Amino acid sequence: MLDDTFLTPAQIVAELDKYIIGQHEAKRHVAIALRNRWRRLHAPADMQKEIVPNNILMIGATGVGKTEIARRLAILADAPFVKVEASKFTEVGYVGRDVESMVRDLAEQAVSRLRQRRQEEVKAQAAQAVEDIILDALIPPMKAPAKDGGSSPSLGFGIGISGERIAGDAVPGSDQELNERTRERFRQKIRNGELEDRRIEINVSQGAPSVGIMGAPGMMDEATMSGLQDMLGSMMPKKSRKRKVTVAEARKVLLDEEAAKLVDMDEIKEEAIRQTENAGIIFIDEIDKVATASSGKSGGGPDVSRQGVQRDLLPIVEGSAVNTKYGIVNTDHILFIAAGAFHVSKPSDLIPELQGRFPIRVELQSLTKDDFYRILKDPKNALTKQYQALLASEDVQLTFEDEALLKLADIAAEVNSEVENIGARRLHTVMSRLLNDLLFDVPDKIAAGAQLTITPQLVEERLRDMVKNRDMSQYIL
Ligand SMILES: Nc1ncnc2c1ncn2[C@@H]1O[C@H](COP(=O)(O)OP(=O)(O)OP(=O)(O)O)[C@@H](O)[C@H]1O
Ligand SMILES: [Mg+2]
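(A) Molecular detail of the overall build of the chain. For the chain, the count of helices and strands is 18 helices and 11 strands. Counting only residues that meet the buried cut, the chain has 30% of its 477 residues in that class. A sequence separation of at least 24 residues applies to 81% of the contacts in the chain between residues at least 6 apart.

Following this line, the structure appears as structure tokens:
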């Protein structure tokens, strides 16, 4: 996201097309919003501050792809992304500033993404360090001068191994050499995996002791609290403990530790804040649930609390400084995408200030029978492909006749209109109903090597009665 080349709007739409069928309007809007962020970062510095993100409000029934679009967008953008349900903030026990937790979560996500990547980058180096530690535990190195006391301080020293006695009392002077040779031999053995079950003693750090802080609720916010805990934790001496483990286990335990030592956390934090502020995307789902349909009348408790959530959201969406464990995050340029079905309430039921903060409205289309057919077939992660992959692992080949897919799409649309419209989610239930018996019978009754074809007749057989019987489809499909 923050580098020099970035997908063009058309390319973004093309990428989204690989996973999401239809919804062209929505795709276009999110593509523009994403590209605009890149454009902003390449604008003159004084202008950068002025350009505000085009926050988007997606309106559409359940299961038509709202969440999916936002999720895929974040992957494309390679950006920190969190999804929250607005309604959760109306739950009992939440207080105003908890709404800020979405920003803290975003920063947390940015940090852990970066940390993971950096650790991946230093993996080879960490593996080398681990090998050295294991080797030192097996055959402690000799110090050149007659100085006493084993290897580097963090390693502990003089760790004996069961069996094999090395470096005997050879000719003085060649001790050192012999030790080196032996170590090289053992290094080779470690690499060849010959010593995996050998037990060695290693020092493992036990992590910072957790420090409990008591405080009257409300005196401190979450960020201050956890920041304080972290700080106190890091002030306590890091404890390490000796453990006897096999070489294989030691490698597992030590690898993370060594990788962590090799990454610079301060640098990561700084970069994470930068990414959070400039590339972060917060997806606020179920925003319609905090809209109050009947404004004007002095509503009861729930209305008050819903409006309260909207008021709490306002400064965050508008741009404010949020205190996180990693530093202050400015929310001015975070992209917010809100979504809701708006069956009961309307976007105009949101408080005006908040409406104004989501200038781009997109309506997602209800999915048709035809869309369902394509959703079954086309996306990279299409359901049919998922089931094919599952069965391929048992060496069973599954094919769907086109007519069968058309029929499935038809049935899904029918159940949606008869029972309840849950959009493309219906395809999951229909599909699982259709294939359950097969999935159970492989490999016991249907052996590896089998080729299964789903015909329209089979679909008819397995599903038609159920669709006709409203009661049954209500519970099962
Ligand atoms: N247009 C579409 N193309 C492909 N798959 C889709 C489409 N719409 C929905 N799906 C699939 O249906 C499932 C549900 O979609 P999604 O989570 O995006 O629904 P939603 O619109 O966010 O609904 P809700 O309002 O209930 O949160 C996902 O597994 C997604 O893959
Ligand atoms: Mg959703």
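(B) Local environment of the site of ligand 1. Neighbouring ligand 1 are 19 residues, the closest being Thr62, Gly65, Lys66, Thr67 and Glu68. Per-element accounting of the shell around ligand 1 gives the leading share, three residues, to helix 4 (residues 66–77). In terms of residue class, the shell around ligand 1 is made up of seven nonpolar, eight polar and four charged. Here the shell around ligand 1 spans two domains, and each of domain 1 (9–119 + 274–363) and domain 3 (369–476) adds at least three residues to it.

(C) Structural view of the environment of Leu138. If you trace the backbone, Leu138 turns up in helix 6 (residues 123–138). Note: C-alpha distance between Leu138 and Ile190 (52 residues apart in sequence) is 10.0 Å.

(D) Here's a closer look at the confidence of the model for the chain. Averaged over every residue, the pLDDT of the chain is 85; the share at 70 or more is 83%. For the chain, the element scoring lowest by mean pLDDT is helix 8 (residues 222–235), at 68; helix 14 (residues 383–392) scores highest, at 97. Scored below 50 in pLDDT, residues 147–170 shows 33 contacts in the model against residues more than four places distant or in partner chains.

(E) Quick peek at helix 2 (residues 24–41). Over its 18 residues, helix 2 runs 26 Å from end to end, which matches the ideal 26 Å to within 8%, given 1.5 Å per residue. Burial in helix 2 covers these residues: Ala26, Lys27, His29, Val30, Ala31, Ala33, Leu34 and Arg37. Residues of helix 2 that are buried sit in contact with helix 1 (9–17), strand 1 (56–59), helix 4, helix 10 (265–279), strand 8 (335–340) and strand 9 (360–363).

(F) Local environment of the sheet that holds strand 9. Spatial ordering of the open sheet is given by 2-5-8-1-9, a layout of five strands whose pairing is parallel. Two strands in the sheet have a free side with no partner beyond their single neighbour: strand 2 (81–85) and strand 9. Averaged over all pairs of adjacent strands, the angle between their axes in this sheet comes to 20 degrees, without regard to strand direction. Pairing between strand 1 and strand 9: four bridges, direction parallel. Bridge pairing in strand 9 links Ile59 to Glu363. Running at roughly 150 degrees to strand 2, helix 5 (residues 101–121) makes contact with strand 2 and strand 5 (281–285) of the sheet.

(G) Quick look at the packing of helix 15 (residues 402–418) against helix 16 (residues 425–441). Remark: helix 15 packs on helix 16, axes separated minimally by 9 Å, with the N-to-C direction vectors making an angle of 125 degrees. Put simply, helix 15 runs oblique to helix 16. In the packing of helix 15 onto helix 16, the handedness of the crossing is right-handed. Contacts between helix 15 and helix 16 pair Leu408, Ile411, Ala412, Val415 and Asn416 from the former with Arg426, Leu427, Val430 and Leu434 from the latter.

(H) Up close: the packing of helix 16 against helix 17 (residues 456–468). Between helix 16 and helix 17, the least distance of the axes is 10 Å, while the angle of their chain directions is 110 degrees. If you check the angle between helix 16 and helix 17, you find them roughly perpendicular. Pair helix 16 / helix 17 crosses with right-handed handedness. When helix 16 is examined against helix 17, the residues Val430, Arg433 and Leu434 are found in contact with a partner set consisting of Val459, Arg462 and Leu463. Of the residues assigned to the contact of helix 16 with helix 17, the class counts are four nonpolar, no polar and two charged.

(I) Focus on the nonpolar core. Ranked by size, the top nonpolar core spans 83 residues in total, and within it Ile281, Ile337, Phe372 and Leu408 carry the most contacts. Considering every element that reaches this core, the biggest residue donor is helix 15, with eight residues. Residues contacting Ile281, with those up to four places away along its chain left out, are Leu73, Ala74, Ala77, Ala79, Phe81, Leu335 and Ile337. Ala126, Val130, Leu135 and Ile202 belong to the second-largest nonpolar core, a separate cluster that totals 15 residues.

(J) Representation of the environment of Phe186 in the model. Relative to the helices and strands, Phe186 resides in helix 7 (residues 175–191). In this structure Phe186 comes out as buried when scored by C-beta crowding, with 20 C-beta atoms within 10 Å. Residues Phe186 and Leu138, 48 residues apart in the sequence, show an inter-C-alpha distance of 8.1 Å. Setting aside residues no more than four positions away along its own chain, Phe186 makes contact with Leu135, Leu138 and Ile139.

(K) Broad picture of unusual backbone geometry. Residue Pro443 is bonded to the preceding Val442 through a cis peptide linkage, with omega at 0 degrees. Relative to the assigned elements, Pro443 resides in the loop between helix 16 and strand 11 (451–454). Phi at Glu286 takes a positive value of approximately 55 degrees, unusual for a residue other than glycine. By the element assignment, Glu286 lies in the loop between strand 5 and helix 11 (301–318). Not every positive phi belongs to a glycine, and Phe342 is a case in point at roughly 50 degrees. Of note, Phe342 is situated in the loop between strand 8 and helix 12 (352–356).

Rules behind the numbers
- Residues numbered from 1 in each chain as written.
- Chains lettered and ligands numbered in written order.
- Predicted model: local features only at pLDDT ≥ 70, side-chain atom pairs only at ≥ 80, totals over all residues.
- Helix = DSSP H or I, 4+ residues; strand = E, 2+ residues; numbered from the N terminus.
- Buried ≥ 20, exposed ≤ 12 C-beta atoms within 10 Å, placed from the backbone.
- Contact = placed C-beta atoms within 7 Å.
- Near = placed C-beta within 6 Å.
- Nonpolar A, V, L, I, M, F, W, Y, C, P; charged D, E, K, R; others polar.
- Domains from an automatic or database assignment.
- pLDDT = per-residue confidence, 0-100.
- Expected span 1.5 Å × (residues − 1).
- Pairing = 2+ DSSP bridges.
- Axes fitted to C-alpha atoms, helices over the stretch in contact; angles between N-to-C directions.
- Parallel < 35°, antiparallel > 145°, perpendicular 65-115°, else oblique.
- Left-handed = near helix turned anticlockwise from the far one by under 90°.
- Core = buried A, V, L, I, M, F, W, Y, C linked by C-beta atoms within 7 Å.

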